[in-house]
Structure formats: structure tokens, C-alpha cells
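Breakdown of the fold
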4 protein chains.
Amino acid sequence: METEVRFLKVPRVKNPVLIEGLGGAGHVGKLASEHLVKEMKAERFADLYSPHFLHHVLVERDGSVRLPRASFFWARVNGKDLIIVSGEGQVTSPEGQYEMVEKILEVAEKLEVRRIFALGGYPTGRQTEGKPKVVAIATDRELLKEGKGYLIPGEKDFGPILVGATGLLLGLGRTRGIKGTCLLGETHGAFVDHRSTQSVLEALEEMLGIKIDTSVLEERAREVERMVSKLRKEFERRELAEGAEEREEPWYIR
Amino acid sequence: METEVRFLKVPRVKNPVLIEGLGGAGHVGKLASEHLVKEMKAERFADLYSPHFLHHVLVERDGSVRLPRASFFWARVNGKDLIIVSGEGQVTSPEGQYEMVEKILEVAEKLEVRRIFALGGYPTGRQTEGKPKVVAIATDRELLKEGKGYLIPGEKDFGPILVGATGLLLGLGRTRGIKGTCLLGETHGAFVDHRSTQSVLEALEEMLGIKIDTSVLEERAREVERMVSKLRKEFERRELAEGAEEREEPWYIR
Amino acid sequence: METEVRFLKVPRVKNPVLIEGLGGAGHVGKLASEHLVKEMKAERFADLYSPHFLHHVLVERDGSVRLPRASFFWARVNGKDLIIVSGEGQVTSPEGQYEMVEKILEVAEKLEVRRIFALGGYPTGRQTEGKPKVVAIATDRELLKEGKGYLIPGEKDFGPILVGATGLLLGLGRTRGIKGTCLLGETHGAFVDHRSTQSVLEALEEMLGIKIDTSVLEERAREVERMVSKLRKEFERRELAEGAEEREEPWYIR
Amino acid sequence: METEVRFLKVPRVKNPVLIEGLGGAGHVGKLASEHLVKEMKAERFADLYSPHFLHHVLVERDGSVRLPRASFFWARVNGKDLIIVSGEGQVTSPEGQYEMVEKILEVAEKLEVRRIFALGGYPTGRQTEGKPKVVAIATDRELLKEGKGYLIPGEKDFGPILVGATGLLLGLGRTRGIKGTCLLGETHGAFVDHRSTQSVLEALEEMLGIKIDTSVLEERAREVERMVSKLRKEFERRELAEGAEEREEPWYIR
């Protein structure tokens, strides 16, 4: 078996933009693409299956099963065609990752996608202070002038390597002549980060010139923060009681 | 070399049901399929060989060797055609697992199988109290109404992921339009479980409307239990003698 | 790149016997095939190269390099055609092992080989007392009646699994209808074992009805034994001096 | 996706020499090929991409990304055509390494390369005293008479195995009838070694009969030495102060 894309339908699109959000630190890419699919009421039109995904199936609460898959969704917003790629992004080998990204790019070429946005997080290993920043990386440095106020690696200490589907989509896209921008939200990396997802979607909003309602993410972020704050207080109380002082951030949701 | 199926004979069957039992926790699937082959006096008609099995051969007590393989057996019971898949199920990579399951499904399509039952165990990590329960999972939620009294994941705390051939058979079968039910017997997971196998076969009995004699399994279960009970007493005697108290379940056969 | 066999020449042979000795415990298979090539003045006629060998080259003492390879040699002894396979046998994956053995069998079919002898060692983890015994395993139990006095697994406690090229050659050969016998010499497993190699070659001698001079192996075995004995005495002297007693077999050549 | 070479241009060359420097101990091969590209003002004419490279992209300081790749450069020096291979050399599997080297050799055959020089380091695990020596290895022992004064493995204690692209290029090249010499500079192995790179380039200079200015490497080597010397003094001062004496070479740049 090879990685393959099964079409339920081929949408009629014009100069579509492809938005990928399959994973990454803090689940930022995944949360962002899932949010877009819901908000835009996007329609699923194709599924990607791969023997390079882990050999398991996902069991729903009603007892039905399905294979892991990444799906393609389509939405038209303000006259703009958006293709959103969401779902499974973890593969078991570098070769599998290359194969999967190539298949996504084949769909992109079939639909004449001229522009890619790849969404993800960049892990800092510490709690973010204030609004999470967004780092932009692109196939061409000209693209980086599009948004304003986004960090580019040259301005800040950022590793010279970007691992996984998000980076490969740009790298392999570039060899096919498809321009792409990667938007990475600052995140601790050890917990699901709705605030970083908000920052990334706001950057996308500005670059695409469309409106994305992120109030649900705001709510979810507050819930998580309340929970974390409660856990932290509880933890500090206990530590005080026991006189323990050595640990620093053990209460994050991993 | 590719994974391949070699036919000794192509059985003439009508609307056959395919029953897979290749492995899983507590060896439940394996025990169940081997029991069915024996009880039904099923005839072996094809063998699946794969370079994704471990690179070894099995040596019989008479000194002859053979490759690891999964085999297809055929039996007609009460006018019903059953295809039983039994044998080697362990492969060395996720890609190999996909390839193997695809080959089983190719045989299923060739024989016009319309229904799959995949048998296995679900590990709880603790000794089962009373009769082992059976969890049912299926390609379609309608199938779950067939049996009565089986747990479905939504009713109980069951992990959202099912690893290995058993789950993939349903997942990949679903993409080919073959309906399937997975029956998983509750089991500790650390020892060979004949009682859990009995429960699974009783569920299969009810769903298929055929009779399966499981008295041999009952006997084997009692033997294992006597042995375990003896070992446990011996162990407790020694522990008492030595005053040791820290370990809890170290006497299981792994 | 695929595993491939490059012929330097195709020997004209009649009902040849193929003898494989690529590795195994105590280097028994390797020593045996190398000894046969030398003693029989066998001619190298083909080389097998594989991307599944480790990605290195072998450097000779004169500074020249070559790829790892397994080679095919041909000798005619008492009117019998022998094909000897000797050289690199270690591959980096189970799939690679299957591929390599399939290529050897393709050569065997091309030359109309009707019989295979696969040579190796079986590790006991302890020093062999007396003459090393030989265990025989075969594709058909009839073949086991050929030699006399060889152990078969049913007579002695022998694991039910045989890993690597030697076993696969029989297992895959069997599916092609080529009969084969595996001769495994009893060996400690932790050092190069010339005595076990002698035993295996004597078994082969008897089964093939040819004469194999093993006096060189006898000499090498004595050299190793003298060295080991000297090391042992030296070691015991030091242990006595230091009063140390805890270690048991640390002087083996690994 | 397969490993593939994308040509930007096919240079017109006559009896070119291919010089590979992709990695190796002390980064000697990499430093050497990068130095040659700069000094010779070589023109990049083809890129090799591979799914066997790690699944990441490289981010430049200006925020643009590109895939890991090995590149082919062309320069004409004193009427001699040189093809230099420089860039990414690390792959994730032995099979991938074979595939990559085969692709380099396909380019070599296309351009009718009759001679290969593969550059690297051989690690000694200790600081080099005096000028780093160069070990020469070749597909044919005749080639080893070309340079003068280079060590060959038979003269010195050198391991019988050479791992990676550099060795494979000779080994696989030999099976295609392309002659090659490998020049390995003596190096500690734990830090980037400009002096060893100088030695290797001087050996290449002599063998090719061309002039290579290595003064920049000389400067870089002195910088590193000054830094190391400073660190060492600082370290000794502290050790003296603390009376510590156990560690020996912990200040190398890894």
C-alpha cells in the first residue's frame, strides 16, 4: 500500500489558498485547522490514508472505528477559496513524511493552489508572558513583508532547523514553485495552547484579509488557565505544608 | 519479496464470513481462531508469507522447519461458509502491518466476503473478576445492535485507539466497503487467557447463530487456574516465612 | 538500488549442491564455507551486493577498498558440483534478509540446485565438553535420516525458532520445492570456534560422501586453546594473588 | 518520492574529476568541499534531494527555508574540469546511503567522470601532534603510488572498515569501473578541524597538480586554537583553585 488520497468530490475552486494545520508544538497547528474547519463550515472533500501512519485505528465513543487520516476541507470565504488540511500528521519515518507531504502537494497542484500557509507552534519550554508572538518563515523573503510585526528568525534567536510536515510542505512546495508561509505561534510546548493558536489565526486573518472569530478559543484558553491556576494554588499549598521547594513547573498538562 | 498469498485451493463459498484471530492481548485472538479451526475441522486452503515477519523459521520437534505464515482455513457450519485466518500476526513495521492486512482483504474480496469478525483481547492489567466481558467495536454503529449485552466503548472507559492487525482489518475493510465487527475479550494481558477466549467465542456464537463447543477451553482454563493457585500458595508460604510483603502480582506467567 | 547478483561467469554444473556458510554463532558457518573454498580450490563466479548490508566498505591492508558482498564459488569434487556461498551475511532489516535469501535462491534455481546445506552454529553459552555435537534440521523429516548420529531438536532441548539467513534459506527454499538440511555445530557462541566447525564439516562429509581435510582447523583450534589456556593460567595466578573470586569466564575472545 | 537530482544546467566538461566532501570526522570533508567551492568560485549546477535525509528544512537568518540537499558545483582550474559535491550527507538508513551514492555516481557517469576523490577525516580520539597526516585508500592499489608520503592502512594501524558516503562512493564506483581515491585527514574527531582539512587539501593539490590557497583555513585554525588555548588556561586555573584533577579533555567544542 502507498500513501493515497481518496476524493469524495473535487471542489471547483479559483486560485485557492491551502492552509495546513496537522500538528506541531502545543497542538497549535491542529487546533488552528480544526477551528477553521468549524468556523468556516468547511466541507470535507478528500482523505489521505498512509501506511506510514501508526498501524492503529481510532475508536469513536459509539464503538465505530476508522483509520487515521488527514482530510482536505473546502470553504469559500469573502469570495476566496480556502483548502484546509487537518487531521493525522504523525508518521513513523522520515521517508513517510516526505511521501505524505508530496501527496498533499499533488492535491495542491491539481487544484492549482498558488499559495500555502502552514500553521504550527514553536516551543520555548517556558510559560509565555503576554500575548504569544508569531514567527514567520517563508519560501521567499518577499513573502515575509506581507504581514507586519511578525518576528522573523534573523531578528530573534530561532533554531536553524524546522522538523516535520509543516516545514517540509514549504521546502518541497518551493521545489514545485509553490510559494508558502509558515506561521508558528510561541508556545511552552508541554500543553495544548489555545492562546498561541489565537495569535496564529490572527496573523492568518491579517495576511489573508478575512475575518476569523476566535472567541471560542479565548473561552477554552480561559478554562485551561483557570484549571491550571487552581492546580497551581493547590500545589503551592501542599508544597508550603510540606516545606518542599525544589520543583518548578510540574503541574503542566502533558 | 512482497507479502504474498499462495493458494493450495480456492474453496467454493457463498457469502462467507471471515473470522480473524492472529494475536492480541492474552493471546485471545490466536486461541480463538485455533480453537475454531480444530472444532470446525476447517481445511487450510491458502498461506500468507511476508518479508515483514521476523526473519526466522519455526523448528518443529521432528526437526523440520517452516516459514512463519498466516493461513486461511475454510469450514461449512450449518450451511454457513466460514473463512478463518489464523497464525503469525506479528510484523516488524507499521508499513508491513498495512501490507499484510491489505493482502487479507484482497483474499476477502476474491471470495466475496461481506462480513468480518476480528477477534482479540483488551488488556486491563488486573485479574478479571467473574466472567470476562466482551467489548464490541464495528465499522458501523448499526452492527453493534446485533449482539446483546456487549459493552461498547462509549459505555465504559476504553482507550480511543486500537493497535495492530485486528483494528486495521476493520479500518481498511471499511474503506473497501466490507462491514466488520471486532470482539475483544477482557483479559489481564500478562498471561494466556482461555476464559476470555471462551467469552469471545460465545459472543461470536450468538452473532453468527452457530454452535461452538468450548469445553476444551474450559478445561485448559481450569488447568491454568490450578497451576496459578498452587504457585500462589507456594509463594505466599515463602513470603510469610521471609516476612516479605512488597510485591503484588509477580506470579503470573508472562 | 536493489540487492543484485553480478555474474563473473556461469559455471556448467549438473545437479549441484549448494552449501551456504554466511555467519551464525561461533562464526561456524563462515569458517566452514571459507575452509571449503580454500580446500576445494573453489572458483568465485558471482557476487551478491545489497543496500541492506551496512553502509560501509572493507579496507584491505594494501589500502584498496571493496563493498561488503556474499560470493558464489564453484568446485567439482569427485564428479560432484558444489556451489559454496560465503561472505557477508549480516543485513540491517528483516526485509533485507528475506530479499538476500531470495536472491541466493534465484541463483540456486538458475543453476538447477536440487539440494541445499546450510551451515551454522547453535550457541549454548557454555564451554563445549568433548567433541561438539551437530544438530540437524531440514525441510523434510526424511532428510534427517540421511546422516547418522546427529541430534534432531525433538531429542534435545532446542529452541523452536532459528533466526537469520541459514534458517530462511531452508524456509524459503521449501516454498520453491528445494530440499535443504541445516547443520548446526554446538558452540559457546562467544568465541570463534574451529572445533565446532570441524564437527559440522565432518557431518557434511558424511552426508555428501566426499572427503574434507580439516587438519588446518585442528591446528587453529589447538592454537586458540593454547592461548586460552595460557590466559586462563595467567588469570588464575593473578586472582590467587589478589584473592579475587567473583568472575567466571571473562577471558573469552569476544 | 525517490532520491533525485535536479539539474539547473548541464556543464560542458572534459574528463572531469569529481571531488566529494559531504561529512566525516572533524567535518574535514565538508570543510574541504566548501573551501574548494569558494576558492574556485565553482558554479552550482545540480541539487540532490532525498526522502532519506531527515524530514526537516533549514531556516536561513532572513526567514526563508530550503530542503536539505547535496549540491554539485563546477569549476575549471588550469584547464581541468572539477565537479565538487558538497552539502548534506547524513541519511537516516543504510539503504538511503546506498541510494544517495548511486545517484551521485549516475551524475558522474553522465558527465563521464573517470576519477573520484573522496575527502574526509579519520578520527583518532586524541589531539593531533604536529601536522595532521593523511591516509590514502583507493579502488586500486596502483592509485596509491600517485601521491608520495601518504600513509596507507597497511603501514599503520587503521580499522578495516570505512563507514558512510565517502567509502561507499569508492566501493560502488569500483563496481561501475570508476577509479577513486579517498583522502582522510588525521583528526581528533570531537571538534571542527581546519588543520586536518588543510592537510587533505594539500594532498589533493599534489595529486591533481593544481594550486589551492588554504590561507583562510590557516587563519580559522589559529582562531580556534587561540580560543581553545584560552579556555584551557581558564580551565586549568579553576582546576588548580579547586584542586580537581580527574578530567582530561572536556573543553573541546563538540
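Computed from a predicted structure; not experimentally measured.

The next subject is the overall build of chain A. Check the secondary structure of chain A and you find five helices and eleven strands. Residues classed as buried in chain A amount to 46% of the 254 residues present. The contacts in chain A between residues at least 6 apart in sequence include a share of 74% that link residues at least 24 apart.

Let us now look at the relation of the copies chain B and chain C. Rotating chain B by 90° about the axis while translating it 0.2 Å along that axis superimposes it on chain C, leaving an RMSD of 0.1 Å. The transformation just described matches what one would write down for a four-fold rotation axis. The position closest to the rotation axis in chain B is occupied by the C-alpha of Ser93(B), lying 7.4 Å away.

A few words on unusual backbone geometry. A negative phi angle is the norm for most residues apart from glycine, just as the trans form is the norm for most peptide bonds. Positive phi, normally seen in glycine, also occurs at Asn78(C), with a value near 50°. Structurally, Asn78(C) can be placed in the loop between strand S6 (70-77) and strand S7 (80-87). We note that Lys41(D) has phi near 45°; this positive angle belongs to a residue other than glycine. Note on placement: Lys41(D) falls in the loop between helix H1 (28-39) and strand S3 (43-49). What makes Lys41(D) exposed here is the crowd of 9 C-beta atoms within 10 Å.

All names here are of chain D. Note on placement: valine 17 falls in strand S2 (residues 17-21). Assessed through the 20 C-beta atoms surrounding it within 10 Å, valine 17 is described here as buried. Expressed as a C-alpha distance, the spacing of valine 17 and leucine 31, which sit 14 residues apart in the sequence, is 19 Å. Contact partners of valine 17, with chain neighbours within four places excluded, come to Lys80, Leu82, Arg115, Phe117 and Leu208.

This part takes up the packing of helix H1 (residues 28-39) of chain C against helix H4 (residues 194-208) of chain C. Residue and element names in this part refer to chain C. Their axes nearest at 9 Å, the elements H1 and H4 cross at an angle of 60°. The two elements H1 and H4 meet at a crossing, and its hand is right-handed. For the pair H1 and H4, contact is made by Val28, Leu31, Ala32 and His35 and by His194, Ser196, Thr197, Val200 and Leu201, respectively. Residues belonging to the contact of H1 with H4 are distributed by class as follows: five nonpolar, four polar and no charged.

With that out of the way, let us pick up the environment of Gly87(D). All names here are of chain D. As for its position among the elements, glycine 87 is in strand S7 (residues 80-87). Sequence separation of glycine 87 and alanine 25 is 62 residues, and the distance between their C-alpha atoms is 15 Å. The residues touching glycine 87, leaving out its near neighbours within four places in the chain, are Leu22, Arg69, Ala70 and Ser71.

An ideal rise of 1.5 Å per residue puts 16 Å on twelve residues; H1(D) measures up with 16 Å between its terminal C-alpha atoms. Trailing H1(D) by a residue or two, Lys41(D) shows a phi angle of about 45°, which is positive.

Moving on to the packing of helix H2 (residues 94-110) of chain D against helix H3 (residues 165-175) of chain D. Residues and elements named next belong to chain D. It is the contact of H2 with H3, at a shortest axis distance of 9 Å, that shows an interaxial angle of 60°. In this view, H2 runs oblique relative to H3, as classed from their interaxial angle. Where H2 crosses over H3, the two elements pack in a sense that is right-handed. Here H2 contributes Gln97, Tyr98, Met100, Val101, Glu102, Ile104 and Leu105 to the contact with H3, which in turn contributes Ala165, Leu168, Leu169, Leu172 and Gly173. For the contact of H2 with H3, the class distribution of residues is nine nonpolar, two polar and one charged.

With that settled, consider helix H3 (residues 165-175) of chain B. Residues and elements named next belong to chain B. With respect to burial, H3 is a largely interior element, ten of its eleven residues being buried. Burial in H3 covers these residues: Ala165, Thr166, Gly167, Leu168, Leu169, Leu170, Gly171, Leu172, Gly173 and Arg174. Phi turns positive, to about 80°, at glycine 177, one or two residues after H3.

A word on the sheet that holds strand S9 (residues 134-138) of chain D. Residues and elements named next belong to chain D. One open sheet holds the eight strands; their spatial order is S1-S3-S6-S7-S2-S8-S11-S9, and the pairing between them is mixed. Sheet topology places strand S1 (4-7) and S9 at the edges, where each strand pairs with a single neighbour. For this sheet, the mean angle separating the axes of adjacent strands, direction not counted, is 25°. Pairing of S2 with S7, which is carried by five bridges, proceeds in the parallel orientation. For valine 17, the partnering residue across the bridge sits in S7 and is leucine 82. Across the sheet, H1 lies against S2, strand S6 (70-77), S7, strand S8 (115-123) and strand S11 (179-187), angled at about 135° from S8, the strand it touches most. Packing against the sheet, helix H4 (residues 194-208) makes contact with S2, S8, S9 and S11, and its axis sits at approximately 150° to S11.

This paragraph deals with the pairing of strand S7 (residues 80-87) of chain B. All names here are of chain B. In terms of burial, S7 is a largely internal element, six of the eight residues being buried. In this sheet, S7 lies alongside strand S6 (residues 70-77) in antiparallel orientation, the contact comprising eight bridges. Considered in S7, the bridge of alanine 70 is made with glycine 87. Where S6 folds back onto S7 in an antiparallel hairpin, the turn is made up of two residues, including asparagine 78, whose phi is positive at roughly 50°.

Taken together, the 29 residues of chain B in the interface contact 18 residues of chain A. The set of elements that each furnish at least two residues to the side of chain B that touches chain A consists of helix H2 (94-110), strand S9 (134-138), strand S10 (161-163) and H3 of chain B. Here the element with the most residues in the side of chain B that touches chain A is H3(B); it accounts for seven residues. In terms of residue class, the side of chain B that touches chain A is built from 16 nonpolar, seven polar and six charged.

Moving on, we come to the interface of chain B and chain C. As a measure of interface size, the accessible area lost when the parts come together is often cited. Contact residues are listed per partner, giving 18 residues for chain B and 29 residues for chain C. Secondary structure elements with two or more residues in the side of chain B that touches chain C: strand S4 (56-59) and strand S5 (65-66) of chain B. In terms of residue count, S4(B) provides more of the side of chain B that touches chain C than any other element does, four residues in total. In terms of residue class, the side of chain B that touches chain C is made up of nine nonpolar, six polar and three charged. Note: S4(B) against strand S10 (residues 161-163) of chain C, three bridges, orientation antiparallel. Bridge pairing in S10(C) links Leu58(B) to Ile161(C).

Attention now moves to the environment of Tyr150(D). For Tyr150(D), the position within the fold is in the loop between S9 and strand S10 (161-163). Note: C-alpha distance between Tyr150(D) and Ala165(D) (15 residues apart in sequence) is 22 Å.

So, about the sheet that holds strand S9 (residues 134-138) of chain C. Backbone-to-backbone hydrogen bonds pair the strands of a sheet. The strands run either parallel or antiparallel. Residue and element names in this part refer to chain C. Ordered in space as S1-S3-S6-S7-S2-S8-S11-S9, the eight strands form an open sheet in which the pairing is mixed. Sheet topology places strand S1 (4-7) and S9 at the edges, where each strand pairs with a single neighbour. Averaged over all pairs of adjacent strands, the angle between strand axes in this sheet comes to 25°, irrespective of strand direction. The sheet contact formed by strand S8 (residues 115-123) and strand S11 (residues 179-187) spans nine bridges and is parallel. In the strand pairing of S11, proline 123 is matched with threonine 187. Sheet strands touched by H1: strand S2 (17-21), S6, S7, S8 and S11. Its angle to S8, the strand with the most contacts, is close to 135°.

Residues and elements named next belong to chain A. On average, chain A scores 86 in pLDDT, and the residues at 70 or more come to 89%. For chain A, the element scoring lowest by mean pLDDT is strand S10 (residues 161-163), at 78; strand S2 (residues 17-21) scores highest, at 97. The low-confidence segment residues 244-254, where pLDDT is below 50, has 13 contacts with residues more than four positions distant or belonging to other chains. Interface confidence for the predicted complex, expressed as ipTM, amounts to 0.72; the pTM equals 0.77.

Here we come to the pairing of strand S6 (residues 70-77) of chain A. Inspection of the sheet shows strand S3 (residues 43-49) of chain A paired to S6(A) by five bridges, in the antiparallel sense. When the bridges of S6(A) are listed, Ala46(A) appears paired with Phe72(A).

Criteria and cut-off values
Throughout this description, residue numbers start from 1 for each chain and increase along the sequence as written. Following the order in which they are written, the chains are lettered starting with A and the ligands numbered starting with 1. Totals for whole chains, interfaces and linings use every residue, but because this is a predicted model, local features are given only for residues with pLDDT of at least 70 and side-chain atom pairs only at 80 or more, for both listing and counting. Helix numbering and strand numbering both begin at the N terminus, where a helix is a DSSP run of H or I of at least 4 residues and a strand a DSSP run of E of at least 2. To assign burial, the other C-beta atoms lying within 10 Å of each residue's own C-beta are counted, with C-beta atoms placed from the backbone; 20 or more indicates buried, 12 or fewer indicates exposed, and intermediate counts indicate partly exposed. Two residues form a contact once the distance between their C-beta atoms, set from the backbone, is within 7 Å. Least squares is the method used to superpose the copies, on C-alpha atoms of residues holding a pLDDT of at least 70 in both. The convention used is that axes are lines fitted to C-alpha atoms, helices contributing only their stretch in contact, and that angles between N-to-C directions extend from 0 to 180 degrees. Less than a right angle of anticlockwise turn of the near helix away from the far helix marks a crossing as left-handed, whereas a clockwise turn marks it as right-handed. Polar here means any residue other than Ala, Val, Leu, Ile, Met, Phe, Trp, Tyr, Cys and Pro, which are nonpolar, and Asp, Glu, Lys and Arg, which are charged; Gly is therefore polar. Working rule for helices: expected span equals 1.5 Å times residues minus one. What sets the label is the angle itself: under 35 degrees gives roughly parallel, over 145 gives roughly antiparallel, 65 to 115 gives roughly perpendicular, and the rest give oblique. In this analysis, strands are considered paired if DSSP registers two or more bridges between them. pLDDT is a per-residue confidence score from the predictor, ranging from 0 to 100.

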